[in-house]
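The residues making up each chain are set out below.
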Amino acid sequence: MTQKLTPATTALLVIAPLMWAGNAVAGRMVHTLVSPFTLNFLRWLLAFALLLPLAHGVLRPGSALWGQWRRFALLGLLGIGLYNALQYMALQTSTPINVTLVGASMPVWMLLVGALFFGATVAMRQLVGALLSVSGVLLVLSRGEWAQLLALRLVPGDLFMLLAAISWAFYSWLLVRTSAPAGMRGDWAGLLMAQMVFGLGWSGALSAFEWTTGRGHVTWNALFVAALAFIAIGPAVVAYRCWGMGVQRVGPAIASFFSNLTPLFAALLSAALLGEAPQLFHAAAFALIVGGIWVSSQRA
């Protein structure tokens, strides 16, 4: 958790936000074709099927998983059941650029959650960096018009994404502050499957609630199938694999800075695929967030 940031670890922590940016763009592309909880459930159902040949042993009755099922049930709820569902809900009313920029408040929540719940220390430079990041997020929420903040006029999707970021902060700290069973250490597929089996249950329950309340819907066509395949392979399996390894090596506080690359990737992908060109306030917000990353990562 305290290893030096090497090129290999840097690559792992760059791949994850690239995949997550693609997830935001793909989710926006199909937001009229499928309801958010259903999309999240189908995504993890397909990811589960893809990972099963590599990690089916984890599900056996004598597996080390069942001795710590409460831990993995909580990780599955926060990282799979809630985070992704909230993000897809955010994309119903907000753009991928906005969603990922609001998600760039992640280092702030990492610091707060770490300090309040896990006994982590917070340096002054981290507080300054967090203030800069928050300023960038507020700029996004206000759409460049500060009067909107005074009037509390916020897009629902932005609030959903803030909740998603908080959920992910708890997930990341829990990922490194509890030890995996001896039989599962070093088995990335097994660790992900242990979270996924419970996360699939949580996401399935949310999807069932969506359908029983008359809000569930899905339209099967080529675009939806292609988007589903991508988010099940890239953002689900590949990104979680890379993020998990990166967090284990350098800790959630440092790793969280890399999540701020997601808005940059989302802006590039949105411009190319959705025709949603970034606005001036997006550029200003990104500059503030990057400034926060730089300040926070400086050594004392």
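None of the values given here were measured: they were computed from a predicted structure.

## A look at the overall build of the chain
- Across its full length, the chain holds 13 helices and zero strands.
- Secondary structure elements of the chain, listed N to C terminal, follow the sequence α-α-α-α-α-α-α-α-α-α-α-α-α.
- The proportion of buried residues among the 300 residues of the chain is 52%.
- At a minimum sequence separation of 6, the contacts of the chain that also span at least 24 residues come to 88%.
- If you sum the accessible surface of the chain, you get close to 13,000 Å²; carbon and sulfur atoms cover 71% of it.

## Observations regarding the environment of serine 270
- Mapped onto the secondary structure, serine 270 falls in helix H12 (residues 262–273).
- What serine 270 contacts, discounting residues up to four positions off in sequence, is Val25, Pro96, Ile97, Gly275 and Glu276.

## Considering the environment of proline 107
- Counting through the fold element by element, proline 107 comes out in helix H5 (residues 106–117).
- As a C-alpha pair, proline 107 and isoleucine 166 span 59 residues in sequence and 9.9 Å in three-dimensional space.
- Sequence-distant contacts of proline 107, defined by excluding residues within four places in its chain, comprise Ser256, Phe257, Ser259 and Asn260.

## Regarding the side chain of arginine 43
- Of note, arginine 43 is situated in helix H2 (residues 36–55).
- Buried and unpaired, arginine 43 has glutamate 210 as its nearest opposite-charge partner, separated by 14 Å.
- Looking at arginine 43, its side chain comes within polar contact range of the side chain of tyrosine 88, at 3.2 Å.
- For arginine 43, the contacting residues outside a window of four places in its chain are Asn23, Asn84, Tyr88, Leu228, Ile231, Ala232, Pro235, Ala236 and Tyr240.

## A look at the environment of serine 259
- Along the chain, serine 259 falls in the loop between helix H11 (252–258) and H12.
- Placed 152 residues apart in sequence, serine 259 and proline 107 show a C-alpha to C-alpha distance of 8.3 Å.
- Here serine 259 is in contact with Met106 and Pro107, once residues within four sequence places are set aside.

## Topic: the nonpolar core
- Of all hydrophobic cores here, the largest spans 67 residues; its most connected members are Leu39, Trp44, Trp168, Met196, Phe224, Tyr240 and Trp243.
- Apart from residues lying up to four places away in sequence, tryptophan 243 is in contact with Leu13, Ala16, Trp20, Met110, Trp168, Ser172, Ala255 and Ser256.
- With five residues, the next largest nonpolar core counts Ile97, Ala104, Ala267 and Ile289 among its residues.

## Remarks on the confidence of the model for the chain
- Overall, the predicted model of the chain reaches an average pLDDT of 83, with 89% of residues at or above 70.
- Mean pLDDT values over the elements of the chain span from 61, in helix H7 (residues 147–150), up to 94, in H2.

## Observations concerning H5
- With 12 residues, H5 extends 16 Å between its outermost C-alpha atoms, agreeing within 8% with the 16 Å of an ideal straight helix rising 1.5 Å per residue.
- Every buried residue of H5 is listed here: Met106, Pro107, Val108, Met110, Leu111, Val113 and Gly114.
- With its phi angle positive at about 70 degrees, glycine 119 sits one or two positions after the end of H5.

Criteria and cut-off values
- Residue positions are given per chain, counting from 1 as you read along its sequence in written order.
- Under the rules for a predicted model, residues below a pLDDT of 70 receive no local features and side-chain atom pairs below 80 are neither given nor counted, while totals for whole chains, interfaces and linings still include all residues.
- Water and hydrogen atoms were dropped before computing side-chain values, which therefore reflect all heavy atoms in the structure.
- Secondary structure elements follow DSSP: runs of H or I of four or more residues count as helices, runs of E of two or more count as strands, with numbering from the N terminus.
- Only protein chains enter the area calculation, which uses a 1.4 Å probe; residues under 20% of their type maximum are buried, those over 50% are exposed, and those in between are partly exposed.
- Here, residues are in contact when the closest pair of their heavy atoms is within 4.5 Å.
- Throughout, the Shrake-Rupley method with a 1.4 Å probe supplies accessible areas, and for residues the shown protein chains are the sole cover considered.
- Think of it this way: Lys and Arg go in the positive column, Asp and Glu in the negative one, and His and the chain ends go nowhere.
- Note on definitions: salt bridges are taken to be side-chain nitrogens of Lys or Arg within 4 Å of carboxyl oxygens of Asp or Glu.
- By the criterion applied in these results, polar contacts are pairs of N or O atoms within 3.5 Å in which, for protein atoms, one can donate a hydrogen and the other can accept it, and in which residues neighboring in sequence qualify only through two side-chain atoms.
- Put simply, buried Ala, Val, Leu, Ile, Met, Phe, Trp, Tyr and Cys residues joined by side-chain atoms within 4.5 Å make one nonpolar core.
- Looking at any residue, its pLDDT shows the predictor's confidence there, from 0 to 100.
- One less than the residue count of a helix, multiplied by 1.5 Å, gives the span that helix is expected to have.

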